[in-house]
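A look at the structure
The primary structure of each chain is shown beneath.
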Amino acid sequence: MAETASPLKHFVLAKKAITAIFDQLLEFVTEGSHFIEDLKNQGKEKSSNFLKITRPVNALTKNQAAHPTYKNSELDRIATEDDLVEIQGYKNKLSVIGEVLSRRHMKVAFFGRTSSGKSSVINAMLWDKVLPSGIGHTTNCLLSVEGTDGDRAYLMTEGSDEKKSVKTVNQLAHALHMDRDLKTGSLVHVFWPKAKCALLRDDLVLVDSPGTDVTTELDSWIDKFCLDADVFVLVANSESTLMNTEKQFFHKVNERLSKPNVFILNNRWDASASEPEYMEDVRRQHTERCLHFLVEELKVVDPSEARNRIFFVSAKEVLNARMHKAQGMPEGGGALAEGFQARLQEFQNFEQIFEECISQSAVKTKFEQHTIRAKQILDTVQDIMDSINVAAAEKRVYSLEEREDQIDRLDFIRNQMNLLTLDVKKKIREVTEEVANKVSCAMTDEICRLSVLVDEFCSEFHPTPSVLKVYKNELNKHIEDGMGRNLADRCTSEVNASMLQSQQEIIENLKPLLPADVQSKLHTLIPCKKFDLSYDLNCHKLCSDFQEDIVFRFSLGWSSLVHRFLGPTNAQRMLLGLSEPVFQLPRSLASTPTAPANPSTSDNASQEELMVTLITALASLTSRTSMGIIVVGGVIWKTVGWKVISVSLSMYGALYLYERLAWTTRAKERAFKQQFVNYATEKLQMIVSFTSANCSHQVQQEMATTFARLCQQVDITQRHLEEEIARFSKEIDQLEEIQNNSKLLRNKAVRLKNELENFTKQFLRSSNEES
């Protein structure tokens, strides 16, 4: 038989095709499982692996670990836990099915009474003496003959992994006879090189059995060895009729299997050649009985098909003829009974129909249910991928809309912040200017009332330097505290009201830019508390160079009169013009100053020149010759008389004495306070602008701090928006990748379904049509 023409190739091709499809299906389901598992992990784990669609789908699982992403619980909702469990279950099932398919083969079981020629039929089909047969070689256990790719034949007994080498049939028979552990129900696997038997090259397994009339373990045989058989061959002895034991066995098979494929071989038909006159009658008789058994009793075939399941052959003749042919001798050589060619042709017809039947039947029984199951799995996985694609698309649309809203919100906040920053700067400038004006006016008024504040000061006064030092320190503190308190009373409330109003306006303007939860907490995050201005007058340092002048000076003294009638400037000129200084006197200690403490060159020079002029004039007068005095005194004496002069001098002296006696410590304190008021007034006027600027700067800092805190909250809001935008962008990219992956997996499912459909058309439907 030519190998290329064997119908068994149909099963081989079908097995190869379905195995390849299931390999792709397992790979596909594995990819789908990893895909869904990765989606679940992205929602549950802190760091997860994302699938890159830039590679083929079957490469996704190899590169997942190189692409970490952040935690995203939204992705966990795209695929459900049930989807993952279901697709992982399919993965496990397909792994098992794949292993089953790889071991699938066509199986034919030969049954009959003892010595009916079952082993001879198998040997004839294999074109070689593979199994022991003939006299003294009764099969006492089940033999499974299948091909091996090796060049050595061996056998393996049930429950043992030992490969027992056999080279010839006699060795096989001897091995089976010597193995005392073999029982009637044992199965022995005989592996014969495929190179020696073409029939074994096409995944065909032939099972030889002991006689059905020598065992009572028919039920166990069927359960253990026959449930996966594709064809049953009943080898009957044509020299007798069908026995009940044979029929009983096939009835049991028919109970466990739905319409098994049964062939009946009436073997040893060569014996009919000795009685040719009865041949046709016997053939018709056997045929009717076999038809009745197949059609009426078993009901496995219809009458028209049943005739193609009954054959009359001589296996021994066919085996001998084929062995002769294999050795290069004629098929008809040797002593052959008449009608051999007809019997040979019928055996070949049996082989042809048998091969067609077992091939079609095996494809149907071995692959049809798996094909249906594969289609169901693909439909389910395709539905899962469609649902993932739809969920990802809906989520992506939502994320796009949310991202656009966040971008618009961020742009709005940025634009509003630019506008509000200018407005706030303007508002702060206005408030600080207002505060500066208020403080300046209030401080000017307080300087004018400085004498009242000084008069309110009471402390021990004594002209000694140590007491004066303490007195001045306490007076400075009294003035600083009093002015500070008065300024606070006049300015703080107005400044607080103005600043609080401005702060509230700023907060209300920026409040819409913040999230609702931050707005509700804004009063705690940025509290508008009472603000106290700090008036740092620093009188102690400001009046540190003050020098009091509490030396007694007679009001009608020469210098006093000059200053009283001519004023300080004219008196200075007059005193300077009385005489020219003859010598340079050293500078005296500063008397009561009337100028600022700062070293002003013109004012200090004027004071020093005045003092030098007065001293020089007095010195010049006393240094004149007494002649001048006498002349002047004589003139006055003669003019007014001595009485007038005496009275005048008495009154002058009395006035001097009065003033001298009135120059008490109290008078000195009044003079001291007056001098201090004059001096402090001048000094304080110099720092009015500085103090007002300092207060306005404090207000500016307070308002700027409030605005900075608000800006910080706005910055936090902007950062959150930017993070949300980045998260949405990442999520959109991920969802797009998920859509692409689900589409690729769905398309692959469609492609695999097409391949299954092609397999069904090519192998299964043709089998159904032919059957």
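Use the structure listed above.
This section reports on the structure supplied with the text. Position numbers for residues start from 1 in each chain and track the written sequence from start to end. A pLDDT threshold of at least 70 governs which residues receive local features in this predicted model, and a stricter bar of 80 or more applies before side-chain atom pairs are shown or counted, although totals over entire chains, interfaces and linings include all residues. The basis for the side-chain values is all heavy atoms of the structure; hydrogens and waters are excluded.

1. A few points about the overall build of the chain
The helix and strand tally for the chain stands at 21 helices and eleven strands. Burial classes: relative accessible area under 20% of the type maximum marks a residue as buried, over 50% as exposed, and values in between as partly exposed (1.4 Å probe, protein chains only). Per-residue burial for the chain yields a buried fraction of 43% across its 771 residues. Only heavy atoms enter the contact rule, under which two residues are in contact if any of them lie within 4.5 Å. Sequence-distant contacts, at least 24 apart, represent 83% of the contacts inside the chain between residues at least 6 apart. Areas reported as accessible are Shrake-Rupley estimates using a 1.4 Å probe. Residue values count occlusion only from the protein chains shown. Looking at the chain as shown, the accessible area adds up to about 40600 Å², and 53% of this sits on carbon and sulfur atoms. For the purposes of this entry, the term helix denotes a DSSP run of H or I that reaches at least four residues, the term strand denotes a run of E that reaches at least two, and both are numbered from the N terminus.

2. Focus on the pattern of salt bridges
Salt bridges are defined by distance alone: a side-chain nitrogen of Lys or Arg within 4 Å of a carboxyl oxygen of Asp or Glu. The tally for this structure, following the rule as stated, stands at 31 salt bridges. Between Lys364 and Glu368 there is a salt bridge, with the nearest N and O atoms lying 2.8 Å from each other. Taken as a pair, Lys364 and Glu368 lie in helix α10 (residues 340-448) at a separation of four residues, close to a single helical turn. The class for Lys364 is partly exposed, based on a relative accessible area of 32%. We note a salt bridge from Arg490 to Asp445, for which the minimum N-O separation is 2.8 Å. With Arg490 in helix α12 (residues 465-510) and Asp445 in helix α10, the pair connects residues that are 45 residues apart, well separated along the chain. Under the relative-accessibility criterion, Asp445 is labelled partly exposed at 33%. Through salt bridges that share partners, Lys395, Glu724, Arg727 and Glu731 make up one connected network.

3. Considerations on the packing of helix α2 (residues 81-102) against α10
Relative to each other, α2 and α10 sit at 155 degrees, their axes nearing to 11 Å. When the axis of α2 is compared with that of α10, the two are roughly antiparallel. For the pair α2 and α10, the crossing hand works out as left-handed. Between α2 and α10, the contacting residues are Asp83, Glu86, Ile87, Tyr90, Lys93, Leu94, Ile97, Val100 and Leu101 on the first element and Lys366, Phe367, His370, Arg373, Ile377, Thr380, Val381, Ile384 and Met385 on the second. When its residues are assigned to classes, the contact of α2 with α10 shows eleven nonpolar, two polar and five charged. With axes taken as lines fitted to C-alpha atoms, and helix axes fitted only over the stretch in contact, angles between N-to-C directions fall between 0 and 180 degrees. Angle categories: roughly parallel below 35 degrees, roughly antiparallel above 145, roughly perpendicular from 65 to 115, and oblique for all the rest. With the far helix as reference, a near helix turned anticlockwise by less than a right angle produces a left-handed crossing, and one turned clockwise produces a right-handed crossing. Residues are grouped as follows: nonpolar covers Ala, Val, Leu, Ile, Met, Phe, Trp, Tyr, Cys and Pro; charged covers Asp, Glu, Lys and Arg; every other residue, Gly included, is treated as polar.

4. Points about the packing of helix α6 (residues 244-256) against helix α7 (residues 279-298)
Look at α6 against α7: their axes get within 12 Å of each other, and the N-to-C directions meet at 40 degrees. Taken together, the axes of α6 and α7 lie oblique to each other. Crossing of α6 against α7: the hand is right-handed. Side by side, α6 and α7 meet where Lys247, Phe250, His251 and Asn254 of the first sit next to Phe293, Glu297 and Leu298 of the second. When its residues are assigned to classes, the contact of α6 with α7 shows three nonpolar, two polar and two charged.

5. Re the nonpolar core
Throughout this description, the term nonpolar core refers to a set of buried Ala, Val, Leu, Ile, Met, Phe, Trp, Tyr and Cys residues connected via side-chain atoms within 4.5 Å. Ranked by size, the top nonpolar core spans 82 residues in total, and within it Leu206 and Ile388 carry the most contacts. With 18 residues, the top contributor of residues to this core is α10. Of all hydrophobic cores here, the second largest spans 59 residues; its members include Ile447, Leu513, Phe707 and Ile725.

6. Remarks on the environment of Phe759
As for its position among the elements, Phe759 is in helix α21 (residues 688-770). A residue is classified by how much of its surface remains accessible, and Phe759, at 2% relative accessible area, is buried. Between the C-alpha atoms of Phe759 and Ile18, which are 741 residues apart in sequence, the distance is 7.4 Å. When residues no more than four places from it in sequence are discounted, the contact partners of Phe759 are Ala14, Ala17, Ile18, Ile21, Phe367, Thr371 and Leu764.

7. What about the state of the cysteines?
The rule for a disulfide is simple: a pair of cysteine sulfur atoms within 2.5 Å. Under the definition given, this model contains zero disulfides. The closest cysteine sulfur to the non-disulfide-bonded Cys441 is located on Cys491, 8.8 Å from its own sulfur.

8. Some points on the environment of Ser115
Mapping Ser115 onto the fold places it in the loop between β3 (106-111) and α3 (118-126). A relative accessible area of 44% places Ser115 in the partly exposed class. Along the sequence, Ser115 and Ala236 sit 121 residues apart, while their C-alpha atoms lie 9.5 Å from each other.

Taken by themselves, the reported measurements are silent on function.
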